[in-house]
Amino acid sequence: MDAKQIKRLGIKLGIKESRVFRKAEELMRLAEMKPGLCVSGSCKAVICLELACVSSGQALDRVTAVKLAGTTKSVYNSMLKTLESLLDMQAPLTFRELSVQFGCPSRSSQVAEEALQRYENGQQVFVNGVSDCTKPLYLTASLYATCKKLKVKIDKSKLIAMTGCKRSTFDRMCCLLEPHVESVLGTI
């Protein structure tokens, strides 16, 4: 997709700043170089425009973006998370932010953090010497497993949407973290 088409889509989304268009074009070029993203050109362009808007602090109408992308809302969100991940544009999550967002007590975030630390110490989750446990999947699964053990209600579908992964993957990760949550709760 060329710059004219990106600009045309951007105008339909209400984008007026040229720096947003330039950033979207750059993201589009980077996305073209990344393998494994099976999505139409217009969908990829709209997502790149949204990421450019987010990085520059400009508002974007998500409903119009989904319509222009030609997908459903859930597919659009999934592709947005995937492209964010591929382009390393994810904002880092913390247990504190997740707890506040989902209305969990502070104890649950402390237990979840300790359980994830124990899981990380017991597993080989290092890629090039860097821990992979900073990914949203690990944090959200740890918080969910902790809330489940503490009998705190939490919206599982919203947590899964934050990770951008499948429900089965999320459930497997929760099962792996549950023994660590139990051991943390046993020592407190």
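The following paragraphs examine the structure supplied in this document.

Criteria and cut-off values
Residues numbered from 1 in each chain as written. Predicted model: local features only at pLDDT ≥ 70, side-chain atom pairs only at ≥ 80, totals over all residues. Heavy atoms only, no water. Helix = DSSP H or I, 4+ residues; strand = E, 2+ residues; numbered from the N terminus. Buried < 20%, exposed > 50% of the residue type's maximum accessible area, 1.4 Å probe, protein only. Contact = heavy atoms within 4.5 Å. Areas by Shrake-Rupley, 256 points an atom, 1.4 Å probe, with all protein chains shown as cover. Axes fitted to C-alpha atoms, helices over the stretch in contact; angles between N-to-C directions. Parallel < 35°, antiparallel > 145°, perpendicular 65-115°, else oblique. Left-handed = near helix turned anticlockwise from the far one by under 90°. Nonpolar A, V, L, I, M, F, W, Y, C, P; charged D, E, K, R; others polar. Core = buried A, V, L, I, M, F, W, Y, C linked by side-chain atoms within 4.5 Å.

Helix and strand counts for the protein come out as 10 helices and 2 strands. Put simply, the protein runs from its N terminus to its C terminus through helices and strands in the order α-α-α-α-α-α-α-β-β-α-α-α. With respect to the three principal axes, the spread of C-alpha positions in the protein is 60 × 35 × 25 Å. Classification of the 188 residues of the protein by burial places 40% in the buried group. Restricting the contact set of the protein to residue pairs at least 6 apart, pairs at least 24 apart contribute 69%. Summed over its atoms, the accessible surface of the protein is roughly 10600 Å², and 53% of this surface lies on carbon and sulfur atoms.

Let us now look at the packing of helix α2 (residues 18-33) against helix α3 (residues 41-56). Contact geometry for α2 and α3: axes closest at 8 Å, N-to-C directions at 130 degrees. One way to sum up the angle between α2 and α3 is to call them oblique. The handedness of the crossing between α2 and α3 comes out as right-handed. Taken together, the residues of α3 that come into contact with α2 (itself represented by Arg19, Val20, Phe21, Lys23, Ala24, Leu27, Met28, Ala31 and Glu32) are Gly41, Lys44, Ala45, Cys48, Leu49, Leu51, Ala52, Cys53, Ser55 and Ser56. Here the contact of α2 with α3 is composed, by residue class, of 12 nonpolar, 3 polar and 4 charged.

Residues Ile15, Val46, Ile47, Leu49, Leu51, Tyr76 and Leu83 are the most contacted members of the largest nonpolar core, which totals 27 residues. Every element with two or more residues in this core is listed here: α1 (3-12), α2, α3, α4 (62-69) and α5 (73-86). Looking at this core, the element that brings in the most residues is α3, giving 9 residues. Residues contacting Val46, with those up to four places away along its chain left out, are Leu9, Leu13, Ala65, Leu68, Ala69 and Tyr76.

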